[in-house]
Amino acid sequence: MIIKREITFGQEAALTQLVNPTGELTLKGSFRYQACDDRVCYVPQVIPLEWHFHFEALEHARVPADLQRKLP
């Protein structure tokens, strides 16, 4: 079985506050499940999850000015 989940990151200004000194952004979560068979359902379980992403700021210098997205 494969379980997929879409992750959307916020604005760059908000993300930079969450990045550690090595440039890593850590996302923590958990997966809750309950296994059952034809006779019994077992106690629900929770598995902690953690993903690590390498963060790089957008490179505004290489984007032509007319294509750059302007923040409000």
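In what follows, the structure referred to is the one given above.
Residues numbered from 1 in each chain as written. Predicted model: local features only at pLDDT ≥ 70, side-chain atom pairs only at ≥ 80, totals over all residues. Heavy atoms only, no water.

**Concerning the overall build of the chain**
Piece 1. Of regular secondary structure, the chain possesses 1 helix and 2 strands.
Piece 2. Reading the chain from its N end, one meets helices and strands in the order α-β-β.
Piece 3. At 20 Å, the chain has a C-alpha radius of gyration far larger than the 11 Å of a compact globule built from 72 residues.
Piece 4. Its C-alpha atoms put the chain at 65 × 25 × 20 Å along the principal axes.
Piece 5. Residue burial in the chain is summarised as follows: out of 72 residues, 6% are buried.
Piece 6. Here the analysis covers contacts within the chain between residues at least 6 apart in sequence; of these, 42% occur between residues at least 24 apart. (Helix = DSSP H or I, 4+ residues; strand = E, 2+ residues; numbered from the N terminus. Rg over C-alpha atoms; globule rule 2.2 N^0.38 Å. Buried < 20%, exposed > 50% of the residue type's maximum accessible area, 1.4 Å probe, protein only. Contact = heavy atoms within 4.5 Å.)

**Considerations on a nonpolar patch on the surface**
Piece 1. Taken together, M1, I3, F31, Y33, I47, L49 and W51 make up a surface patch of nonpolar side chains, about 730 Å² in accessible area.
Piece 2. Elements supplying a minimum of two residues to the nonpolar patch: strand 1 (24-33) and strand 2 (45-54).
Piece 3. If you tally residues by element for the nonpolar patch, the top one is strand 2, at 3 residues.
Piece 4. Tracing the backbone through its elements, the reader meets I3 in the segment before helix 1 (12-16). (Patch = residues over 30% accessible without salt bridge, like charges linked within 9 Å, V, L, I, M, F, W, Y side chains within 5 Å. Areas by Shrake-Rupley, 256 points an atom, 1.4 Å probe, with all protein chains shown as cover. Salt bridge = Lys/Arg side-chain N within 4 Å of Asp/Glu carboxyl O.)

**A word on the packing of aromatic side chains**
Piece 1. Tallied over the entire structure, the rule returns 1 aromatic pair.
Piece 2. Between F31 and Y33, the aromatic rings sit 5.8 Å apart at their centres with planes inclined by 20°, giving stacked as the arrangement.
Piece 3. Judged by its relative accessible area of 32%, F31 falls in the partly exposed class.
Piece 4. Note on Y33: relative accessible area 33%, which makes it partly exposed. (Phe/Tyr/Trp six-rings, centres within 6.5 Å; stacked < 30°, edge-to-face > 60°.)

**Here we look at the environment of Y33**
Piece 1. Tracing the sequence through the fold places Y33 in strand 1.
Piece 2. Placed 11 residues apart in sequence, Y33 and P44 show a C-alpha to C-alpha distance of 5.7 Å.
Piece 3. Ignoring anything within four residues of it in the chain, the contact list for Y33 reads P44, Q45 and I47.

**A few points about the pattern of salt bridges**
Piece 1. Tallied over the full model, the rule gives 2 salt bridges.
Piece 2. K28 is the salt-bridge partner of E50, the closest N and O atoms lying 3.9 Å from each other. Highlighted residues: E50 in strand 2 and K28 in strand 1, separated in sequence by 22 residues.
Piece 3. Given the relative accessible area of 62%, K28 is considered exposed.
Piece 4. We note a salt bridge from D38 to R39, for which the minimum N-O separation is 3.9 Å. Neither residue differs from the other here; D38 and R39 are each classed as exposed.

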